[in-house]
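Inside the fold
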Amino acid sequence: MAGNDWINSYLEAILDVGPGLDDAKSSLLLRERGRFSPTRYFVDNVIGFDETDLHRSWVKAQATRSPQERNTRLENMCWRIWNLARQKKQLENEEANRAAKRRIEREKGRREAVADMSEDLSEGEKGETISDVSAHGDSHRGRLPRMSSLDAMEAWVNQQKGKKLYIVLISLHGLIRGENMELGRDSDTGGQVKYVVELARALASMPGVYRVDLLTRQVACPEVDWSYGEPVEMLSPHNSEAIQDEIGESSGAYIIRIPFGPKDKYVAKELLWPHIPEFVDGALGHIIQMSKVLGEQLGDGGHPVWPVAIHGHYADAGDSAARLSGALNVPMLFTGHSLGRDKLEQLLRQGRLTKDEINATYKIMRRIEAEELSLDSSEVVITSTRQEIDEQWRLYDGFDPVLEKKLRARIRRNVSCYGRFMPRMVVIPPGMEFNHIVPHDGDMDGEAEGGEDHQPSPDPPIWAEIMRFFTNPRKPMILALARPDPKKNLTTLVKAFGECRPLRELANLTLIMGNRENIDEMSSTSASMLLSIIKLIDKYDLYGQVAYPKHHKQSEVPDIYRLAAKTKGVFINPAFIEPFGLTLIEAAAHGLPMVATKNGGPVDIHRVLDNGLLIDPHDQQSIADALLKLVADKQLWAKCRANGLRNIHLFSWTEHCKTYLSRIASCKPRHPGWLKNDNDDDENSESDSPSDSLRDMQDISLNLKFSIDSEDRNSKLENAVLSYSKGVGKNTPRTVSGDKMEQPKFPAIRRRTHVFVIAIDADNIGSLFENVQKIFEAVENEKSDGSIGFILATSLQMAQVHSFLVSKGVNPSVFDAYICNSGADLYYSSSHSEDNPFVFDLYYHSHIEYRWGGEGLRKTLVKWASSIIDKKAENKNEEHVVTEDEEVSTNYCYAFNVHKPALVPPVKELRKLMRIQALRCHVIYCQNGKKINVIPVSASRSQALRYLYLRWGMDLSKVVVFIGESGDTDYEGFLGGVQKSIVLKGIGGSTTNPLHANRVYPLSDVTPTESTNTLHTAEEFSAADIRASLEKLGVLKA
């Protein structure tokens, strides 16, 4: 104990067990220091951990009759407490160090960003601050008028006439259906499920909105209801008289269930990460098909009606929405619901698990990266409260409130932001449907409404289920509705109620804690909490005063609120922190005053409704005093009730959707670029194309024309390709050689039965093509008859690839398409003219250029590269570790050579640096760390395949991807998805190579383990082994 005298008095005090201890046999630490409650004081106040094990040890020690054994047990407890206290101190220091490091990185990045923008804003130019945004998401100067009258509503409706919006919502985890939601069934099926369903319903009822699709996972297994396996479910509107301009064949709100992940199995959200690409591919197919259907129904000349926005809910859906938004080139919205960095901080603060253990349990690092990607891709981030922005989102590399304010001010003044972008944070509280709610005006002695001629309606069954617990059911009811989770702080509520005699005499307490059959069958955390509550009820002898029913239906929750209001009771939410607090709004709509935590969303709700009191959830006396004040003071109770009912319309779904749609309208419209100039109807286009009205390839792309008369034809061709991809030929007139009818109307990939994508990442181009030849040899017959096409997906530049092909005498037309520069450029081959070997897809660049930082990004990257120095270099010419490769760099790919890979920071550090400076890009370390490619954030090799599906109808389920055991840092994009994959063992090294050693999250977190679409070859594979794998996958016939 030397050096820890500060805790000695605590340890001595906890060992005070009163009479019965043999002082003569006590150790020096077992001196009595007076009587007090050791368990509460040490566990709650000194240690700060919920150490239930310690409590059990204390109880066991107290029950031990032998003084010597008791003495031993208590001394052991001393050391445990001392160790816990030391651990707490260590955790506090680690947390302080993390915060200091984050602050230094943020300030440095902010300084560099401001310096790059060449001017700092004066006070008069700084514009509105973050706090200027009200609790309802609108700035004070730009707020839309509230719909406080029928005239205002009608005027707004008239403004929306003629719009036919298609909106896509995504919520992947949990069990989602329109009716009889099983909220609380598990940790994944909670408030988010109800929110997204109600949002879909409400949006579909708004004027100007034609269709809303809520995409989720299809779950068809015996352990869940059959309804979760239905592919489509139409959501009936709550208000059948909702305003609609036109009811069409496909209009309304729908739940669309996409099959992905383990078949016949319902899994937790943490296990869905490897299957996200499969969902994206399935969702992309649905959206393309639905866009075509809506285009035909709405008479838009057959042009597809693309989603006006794709809205992801939670990190997994945010990751999916980012990929879909990039694939379709449409705006993205994001709602986090709860955030990974905040949860990680809380778990680290508790000290029970290490960071690695936390990640193994919650896949927390994958979740955080998905949230960072959502920030990169989103136009708007919707939050429920100001606290979520101020205390949670500011933890992320991709969002800085101070820099966001500067960028917003520059945008208002039409001043360049030098390639920097920040999503707009908007507070829009969740809505509620109030039309069916009639606040209860009676009391327990009789109904206020109705007369003698009206027969009173029978009491709902749940009333009897609750009131059977009470000795006097007429007393005001204090109602808490929360699952038995330590964060909900229900034990403190029961203690506050049990220790306040006046409160117990005036009121009853009702705890609605989900549904249960048997406590032993509950999760360990929930069971422990429930047992603690039952023990407290027994300790304070609260029988007849506390109700905790085992069962209730979701449809009975309004009846529970009505019962509390009928008894003139109070609703309480004592959670340590509440992200929003939808139950507070529900309670207010039923006429219940509230007592709520001062941490989080309830502050915003209280500011608007003014219908109760806020409390410190850690202060037991504060909880008791607030409840007693509202229950005892009838005038205050009536005032809070009236305020809540008067202001509750501000949280209606109509208000929510109006603000929501106004935010969508503020986003710059985006859709596939080749449709912008598409005015010609093509009678000869194939009917199964995702875009039947696509123009001739010669009309939408530029054939690169080369001379074959010169002796140095190869070098001239290479230089021409390089010059064009660098943007020199952007304004060059389109050239066509030969008769137009001789040129193919569509790329060859549209005619293929299967498409083989070769995405092998090798150290050099020579070893890459050695494996290409093996693949060609494996399918020689199919290759000759044209049933199989090939795409090369590589980090190399087009000129490099072409130069090698020519040097080996390989015709470039063996590949139907080339995805080059890690996905920044896309070319098609043309076999009709030796002068025109490639067709460059110009519209691909317009498709991926969203948030591309351009020259501002390049300058920042060059500055970063110059800062990476080898201090041990023998001369100055060798000290630069990273240098810009100007010859290979293009307008949409900034390339850098890495001379000493071991000295370069891992890819996660460069991504972090770019995000801190509000530069949105996709950083890729390639060629075994010898090259760095920086491309647009929505671009990648795997995303290019989805572009080909969208553009030309290339069926992704007919695609076979060949990859090595490892590869570039974008390697994981080819893992999963609906395509089939063959992993060539021994190629690309292993997953432990230096490129993947310092990942943000382990590669295993995103690798499907049970996929039947992926096969591995033998270590020393041959062409025959490759063919055998293809036959096993069903691609080739045996």
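Each remark here, short or long, concerns the structure printed above.
This report concerns the structure included in the present document. In this text, all values refer to a predicted model and were calculated from it rather than measured experimentally.

Right, let's get into the overall build of the protein. Helix and strand counts for the protein come out as 34 helices and 27 strands. Per-residue burial for the protein yields a buried fraction of 57% across its 1038 residues. For the protein, restricting intrachain contacts to residue pairs at least 6 apart in sequence, the fraction spanning at least 24 positions comes to 73%. A total of about 44300 Å² of accessible surface is found on the protein, and carbon and sulfur atoms cover 48% of it.

What follows deals with the packing of helix H7 (residues 276–297) against helix H32 (residues 941–952). Where H7 contacts H32, the axes come no closer than 11 Å and their chain directions differ by 20°. By the angle between their directions, the pair H7 and H32 is classed as roughly parallel. Crossing hand, H7 versus H32: right-handed. Between H7 and H32, the contacting residues are Pro-277, Val-280, Asp-281, Leu-284, Gly-285 and Ile-288 on the first element and Arg-946, Tyr-949 and Leu-950 on the second.

Positive phi is not limited to glycine here, since Tyr-418 has a value of about 55°. In this structure, Tyr-418 sits in the loop between helix H13 (401–412) and strand E8 (424–427). With a phi angle near 60°, Arg-851 is a residue other than glycine that sits in the positive phi range. One can find Arg-851 in the loop between helix H29 (842–848) and helix H30 (854–867).

One pair of aromatic rings is described through two measures. These are the centre distance and the angle between the planes. Across all of its chains, the model carries 20 aromatic pairs by this definition. Ring geometry for Tyr-827 and Phe-840: centres 4.9 Å apart, planes at 65°, overall edge-to-face. Taken together, the positions of Tyr-827 in strand E19 (residues 825–829) and Phe-840 in strand E20 (residues 838–840) put the pair 13 residues apart, joining distant regions of the chain. Of the aromatic side chains, those joined through ring pairs into one cluster are Phe-756, Phe-769, Phe-776, Phe-790, Phe-804, Phe-815, Tyr-818, Tyr-827, Phe-838, Phe-840 and Phe-962. Above the ring of Tyr-254, the side-chain terminus of Arg-211 is found at 4.0 Å from the ring centroid. Here the basic side chain of Arg-341 rests over the ring of Tyr-396, its NZ or CZ set 5.3 Å away from the ring centre.

Taken together, the 6 strands give an open sheet; going across it, the order is E11-E10-E9-E12-E13-E14, and neighbouring strands pair in parallel fashion. Each edge of the open sheet is held by one strand with a lone partner, namely strand E11 (546–547) and strand E14 (612–615). By the bridge criterion, 2 bridges tie strand E9 (residues 477–481) to strand E12 (residues 570–573) in an arrangement that is parallel. The partner of Leu-479 across the bridge, within E12, is Phe-571. Contacts between helix H18 (residues 557–566) and the sheet are confined to E9, strand E10 (508–512) and E12, with E9 contributing the most and set at about 155° to the helix.

Before going further, it helps to spend a moment on the side chain of Asp-281. Within the secondary structure, Asp-281 is located in helix H7. Its relative accessible area of 6% is what places Asp-281 among the buried residues. Look past the residues within four positions of Asp-281 in its chain and what remains in contact with it is Arg-946, Leu-956, Gly-977, Val-978 and Gln-979.

Along the chain, the position of Leu-630 falls in helix H21 (residues 620–632). Between the alpha carbons of Leu-630 and Cys-640 there is a distance of 8.8 Å; along the sequence they are 10 residues apart. Setting aside residues up to four positions removed in sequence, Leu-630 forms contacts with Val-570, Pro-593, Met-594, Val-595, Leu-613, Leu-636, Trp-637 and Cys-640.

Along the chain, Leu-353 falls in the loop between helix H9 (340–350) and helix H10 (355–362). Take Leu-353: its relative accessible area is 33%, and that puts it in the partly exposed class.

Ile-170, Phe-279, Ile-932 and Leu-948 are the most contacted members of the largest nonpolar core, which totals 124 residues. Counting residues per element, this core draws most heavily on H7, which supplies 9 residues. The residues contacting Phe-279, other than those within four sequence positions of it, are Ile-170, Leu-172, Leu-215, Thr-216, Ile-258, Phe-260, Ser-320 and Leu-324. Trp-463, Ile-466, Met-513 and Leu-636 belong to the second-largest nonpolar core, a separate cluster that totals 70 residues.

This part is about the pairing of strand E18 (residues 817–820). Strand residues, when the strand is regular, have side chains that alternate between the two faces of the sheet. Burial of E18 is two-sided: the residues Ala-817 and Ile-819 facing one way and the residues Tyr-818 and Cys-820 facing the other way are all buried. Both strand E17 (residues 788–793) and E18 contribute to a ladder of 3 bridges, which runs parallel. Residue pairing in the sheet places Leu-792 in a bridge with Tyr-818 of E18. With helix H28 (residues 798–807) bridging E17 and its parallel neighbour E18, the resulting β-α-β unit is right-handed. Bridging between E18 and E19 involves 4 bridges; their strand directions are antiparallel. Paired with Tyr-818 across the bridge in E19 is Tyr-827. Where E18 folds back onto E19 in an antiparallel hairpin, the turn is made up of 4 residues, including Asn-821, whose phi is positive at roughly 50°.

So, about the packing of helix H8 (residues 314–328) against helix H11 (residues 364–377). For any two helices packed against each other, one specifies the crossing angle of their axes together with the interaxial distance. Where H8 meets H11, the axes come as close as 8 Å, and the angle between the chain directions of the two elements is 45°. In this view, H8 runs oblique relative to H11, as classed from their interaxial angle. H8 and H11 meet at a crossing whose hand is left-handed. Every residue of H11 that contacts H8 at Tyr-314, Ala-315, Gly-318, Asp-319, Ala-322 and Arg-323 is listed here: Arg-366, Arg-367, Ala-370, Glu-371, Leu-373, Ser-374 and Ser-377. Classifying every residue of the contact of H8 with H11 gives 5 nonpolar, 3 polar and 5 charged.

Rules behind the numbers
Residues numbered from 1 in each chain as written. Predicted model: local features only at pLDDT ≥ 70, side-chain atom pairs only at ≥ 80, totals over all residues. Heavy atoms only, no water. Helix = DSSP H or I, 4+ residues; strand = E, 2+ residues; numbered from the N terminus. Buried < 20%, exposed > 50% of the residue type's maximum accessible area, 1.4 Å probe, protein only. Contact = heavy atoms within 4.5 Å. Areas by Shrake-Rupley, 256 points an atom, 1.4 Å probe, with all protein chains shown as cover. Axes fitted to C-alpha atoms, helices over the stretch in contact; angles between N-to-C directions. Parallel < 35°, antiparallel > 145°, perpendicular 65-115°, else oblique. Left-handed = near helix turned anticlockwise from the far one by under 90°. Phe/Tyr/Trp six-rings, centres within 6.5 Å; stacked < 30°, edge-to-face > 60°. Lys NZ or Arg CZ within 6 Å of the ring centre and 35° of its normal. Pairing = 2+ DSSP bridges. Core = buried A, V, L, I, M, F, W, Y, C linked by side-chain atoms within 4.5 Å. Right-handed = clockwise from strand over helix to strand, strands pointing away. Nonpolar A, V, L, I, M, F, W, Y, C, P; charged D, E, K, R; others polar.

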